[in-house]
Amino acid sequence: MENIYRGIALLAILLSGCATNEAPTNKPGNNVSIAKVNEVQKKIASCIAEVNLSEDAKYVDEHILVLTEKSPNAKELFNSSDKIAFDQAAVLIRFKESTLKCRDITNELPSPALLAVYTNFYTNIDAVYKDLIDKRITIGVANQERQMRIQYAKSRFSQILKSETGG
């Protein structure tokens, strides 16, 4: 009889450790829906593609920052030692404001860690834009910095996605 009481007490102790009020988080091993991530990324890409059709985006892509793979002056922009002109800065500011709606879509990501990658990326890109507008850096440096931040964000996003999907 004493062994039964010990067994029940041990079982009660073990089970009490399993009951917590913690909500599940996206830690390695948890399943983040790849389908949901893909859906959100498609929405972001679609939004950006729409923004890139605007006259401001076309101007930025041609004269200030390489936004698309088909940028007509990519080589020149990456190597430019010019500082941004006042009228160019005005267009860049309008362009950036037009992208804000796309940034909001990232809030739909199913993982705080993935959302943090985008948040960090936008903070860093905004710093590049500010430095460019404030004439602390050249157009060429801004393009190089922007490209490095894009590559880092892609790499980081991929790492986190892989760890959160168990891949």
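Throughout what follows, the structure given in this document is the object of discussion. (Residues numbered from 1 in each chain as written. Predicted model: local features only at pLDDT ≥ 70, side-chain atom pairs only at ≥ 80, totals over all residues. Heavy atoms only, no water.)

### Here we look at the environment of S163
Quick reminder of the rule: Secondary structure follows DSSP: runs of H or I at least 4 residues long count as helices, runs of E at least 2 residues long count as strands, and numbering of each begins at the N terminus.
When you line up the elements, S163 lands in helix α7 (residues 139–164). In sequence terms S163 and V32 are 131 residues apart; their C-alpha atoms lie 9.6 Å from each other.

### Things to note about the packing of aromatic side chains
The criterion, for reference: Two aromatic rings from Phe, Tyr or Trp, using only the six-membered ring of Trp, form a pair when their centres are within 6.5 Å; if the ring planes differ by under 30 degrees the pair is stacked, by over 60 it is edge-to-face, and anything between is tilted.
Using the criterion set out here, one finds 3 aromatic pairs in the structure. Centre to centre, the rings of F121 and Y122 are 5.5 Å apart; their planes meet at 55°, and the pair counts as tilted. In textbook terms, an aromatic cluster arises when at least three aromatic residues are bridged by ring pairs, as seen for Y118, F121, Y122 and F157.

### Some words on α7
Threshold: One less than the number of residues in a helix, times 1.5 Å, gives the span that helix is expected to have. Note on exposure labels: buried denotes an accessible area under 20% of the residue type's maximum, exposed denotes more than 50%, and partly exposed covers the range between, all computed with a 1.4 Å probe on protein chains only. Two residues qualify as a contact provided that any one of their heavy atoms is within 4.5 Å of a heavy atom in the partner residue.
For α7, with 26 residues, the first-to-last C-alpha span of 37 Å sits near the 38 Å given by 1.5 Å per residue. Among the residues of α7, I139, G140, A142, N143, R146, I150, A153, F157, I160, L161 and E164 are the ones counted as buried. Where α7 is buried, its residues contact α2 (34–51), α3 (55–63), α4 (74–79), α5 (86–105) and α6 (112–133). Following α7 by one or two positions, G166 adopts a phi angle in the positive range, close to 75°.

### Re the packing of α3 against α5
To keep it simple, the criterion reads: To obtain each axis, a line is fitted to C-alpha atoms, and for helices this fit is confined to the stretch in contact; angles are then taken between N-to-C directions over 0 to 180 degrees. Oblique is the label for any angle not under 35 degrees, not over 145, and not in the 65 to 115 range, which are roughly parallel, roughly antiparallel and roughly perpendicular in turn. Should the near helix be turned counterclockwise from the far one by less than a right angle, the crossing is left-handed, whereas a clockwise turn marks it as right-handed. Gly is put with the polar residues, along with every residue not named as nonpolar or charged; the nonpolar set is Ala, Val, Leu, Ile, Met, Phe, Trp, Tyr, Cys and Pro, and the charged set is Asp, Glu, Lys and Arg.
Following both chains from N to C, one finds α3 and α5 inclined at 125°, their axes separated by 9 Å at the closest point. In terms of orientation, α3 lies oblique with respect to α5. Judged by the twist between their axes, the crossing of α3 over α5 is left-handed. Listed contacts from α5 to D56, A57, Y59, V60 and H63 of α3 are D87, Q88, V91, L92, R94 and F95. Tallied by class, the residues present in the contact of α3 with α5 amount to 6 nonpolar, 2 polar and 3 charged.

By themselves, these are just geometric observations and shouldn't be taken as functional.
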